[in-house]
Amino acid sequence: KNQVEQSPQSLIILEGKNCTLQCNYTVSPFSNLRWYKQDTGRGPVSLTIMTFSENTKSNGRYTATLDADTKQSSLHITASQLSDSASYICVVSAKASGGSYIPTFGRGTSLIVHP
Amino acid sequence: SQTIHQWPATLVQPVGSPLSLECTVEGTSNPNLYWYRQAAGRGLQLLFYSVGIGQISSEVPQNLSASRPQDRQFILSSKKLLLSDSGFYLCASTWGPPPPTFGAGSRLTVL
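Structure report, in brief. (Residues numbered from 1 in each chain as written. Chains lettered and ligands numbered in written order. Predicted model: local features only at pLDDT ≥ 70, side-chain atom pairs only at ≥ 80, totals over all residues. Heavy atoms only, no water.)

1. Examining the nonpolar core
Moving on, step 1. Grouped together as the largest cluster of nonpolar side chains are 25 residues, with contacts concentrated most on Y25, L33, W35, L75, Y88 and V92 of chain A.
Moving on, step 2. Top contributing element to this core by residue count: strand β9 (residues 86-95) of chain A, with five residues.
Moving on, step 3. In this structure L75 of chain A touches C19, T20, L21, W35, L47, Y62, T63, A64 and Y88 of chain A, once residues within four positions along its chain are discounted.
Moving on, step 4. Core analysis: the next-biggest nonpolar cluster, separate from the first, contains 19 residues, L11, L47, L76 and Y89 of chain B among them. (Core = buried A, V, L, I, M, F, W, Y, C linked by side-chain atoms within 4.5 Å. Buried < 20%, exposed > 50% of the residue type's maximum accessible area, 1.4 Å probe, protein only. Helix = DSSP H or I, 4+ residues; strand = E, 2+ residues; numbered from the N terminus. Contact = heavy atoms within 4.5 Å.)

Rendered as structure tokens:
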């Protein structure tokens, strides 16, 4: 069964500090992995997307890594800001039967940045 | 790029009343379309997905149903809402391998 596990479940940090969120998956066959940021009451917004051959992808202060061998990904946030407070969701897509792509979602990590 | 339009944004309905949430997609043709529900403090739960007009797959048995009357239109419905149907509903779209692009969501409260 395809699964995506995220840790920690929640995280509180001080403004300006760095943090790293983890994502472990057992999705097969792997197609790609995407990190989303979801503000409260809003739809998720894509931060990064990585395919099998990519190890690192950056988007401003967000850097995602992917280790396809260990099936792990991380999202590193540098110099956190109050606006980074949100839920961060890891999504891994696999190619399903019939040629469609079904994403598997992690439960998300809730990040709170305090001043 | 794809744009997802979802409405209404907020809905308060009594138990037993019907439901209709609508989603339309711009910027692509023949997308895969998805309805997700996100309960408070929980992850995203896939409810339905569709690979084409009139083609609906249900992931979770419940009193909700979905329809796809047009290529870029996806509707989530219920004949009689339950309290447990309260939640945040997200429509999403994919075209090819990438994970979904999401709409802004619809907050449903059943009283």
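Back to the text.
2. Some details on the packing of aromatic side chains
Moving on, step 1. Under the definition given, this model contains 10 aromatic pairs over all chains.
Moving on, step 2. The ring of Y62 of chain A has R61 of chain A sitting right over it, with the charged end atom 5.7 Å from the ring centre. (Phe/Tyr/Trp six-rings, centres within 6.5 Å; stacked < 30°, edge-to-face > 60°. Lys NZ or Arg CZ within 6 Å of the ring centre and 35° of its normal.)

3. Notes on the interface of chain B and chain A
Interface size is commonly expressed as the accessible surface area that is lost when the partners come together.
Moving on, step 1. Across the contact, 22 residues belong to chain B and 19 residues belong to chain A.
Moving on, step 2. Our count for the contact surface shared by chain B and chain A stands at zero salt bridges.
Moving on, step 3. Here chain B is connected to chain A by three residue pairs in polar contact (both at pLDDT 80 or more).
Moving on, step 4. At the level of secondary structure, the elements contributing two or more residues to the side of chain B that touches chain A comprise β4 (32-38), β5 (44-52), β9 (87-94) and β10 (101-102) of chain B.
Moving on, step 5. Tallied by class, the residues present in the side of chain B that touches chain A amount to 14 nonpolar, six polar and two charged. (Salt bridge = Lys/Arg side-chain N within 4 Å of Asp/Glu carboxyl O. Polar contact = N/O pair within 3.5 Å; in protein donor to acceptor, adjacent residues only side chain to side chain. Nonpolar A, V, L, I, M, F, W, Y, C, P; charged D, E, K, R; others polar.)

4. Notes on the sheet that holds strand β7 (residues 64-70) of chain B
Residues and elements named next belong to chain B.
Moving on, step 1. The antiparallel open sheet is built from four strands, whose spatial order is β1-β3-β8-β7. Each edge of the open sheet carries a strand with a single partner, namely β1 (3-7) and β7. Averaged over all pairs of adjacent strands, the angle between strand axes in this sheet comes to 20 degrees, irrespective of strand direction.
Moving on, step 2. Where β7 and strand β8 (residues 73-78) come together, five bridges link them in antiparallel fashion. Bridged to Q70 within β8 is Q73. (Pairing = 2+ DSSP bridges. Axes fitted to C-alpha atoms, helices over the stretch in contact; angles between N-to-C directions.)

5. Concerning the sheet that holds strand β8 (residues 72-77) of chain A
All names here are of chain A.
Moving on, step 1. Spatially, the five strands line up as an open sheet ordered β1-β3-β8-β7-β6, and their pairing is antiparallel. At either margin of the open sheet sits one strand with a lone partner, and together these are β1 (4-7) and β6 (56-59). The sheet shows a mean angle of 15 degrees between the axes of neighbouring strands, taken without regard to direction.

6. A look at the side chain of D84 of chain A
Residues and elements named next belong to chain A.
Moving on, step 1. Inspection of the secondary structure assignment puts D84 in the loop between β8 and β9.
Moving on, step 2. For D84, a relative accessible area of 1% corresponds to the buried category.
Moving on, step 3. Residues contacting D84, with those up to four places away along its chain left out, are K37, R61, Y62, I77, L111 and V113.

7. Some details on the pairing of strand β7 (residues 62-67) of chain A
Residue and element names in this part refer to chain A.
Moving on, step 1. Across the two faces of β7 the burial differs, with Y62, A64 and L66 buried and T63, T65 and D67 not buried at all.
Moving on, step 2. By the bridge criterion, four bridges tie β6 to β7 in an arrangement that is antiparallel. When the sheet's bridge partners are listed, S58 is paired in β7 with T63.
Moving on, step 3. Linkage of β6 to β7, two consecutive antiparallel strands, is achieved through a turn of two residues, within which G60 is found at a positive phi near 65 degrees.
Moving on, step 4. Bridge count for β7 against β8 is six bridges, and the pairing is antiparallel.

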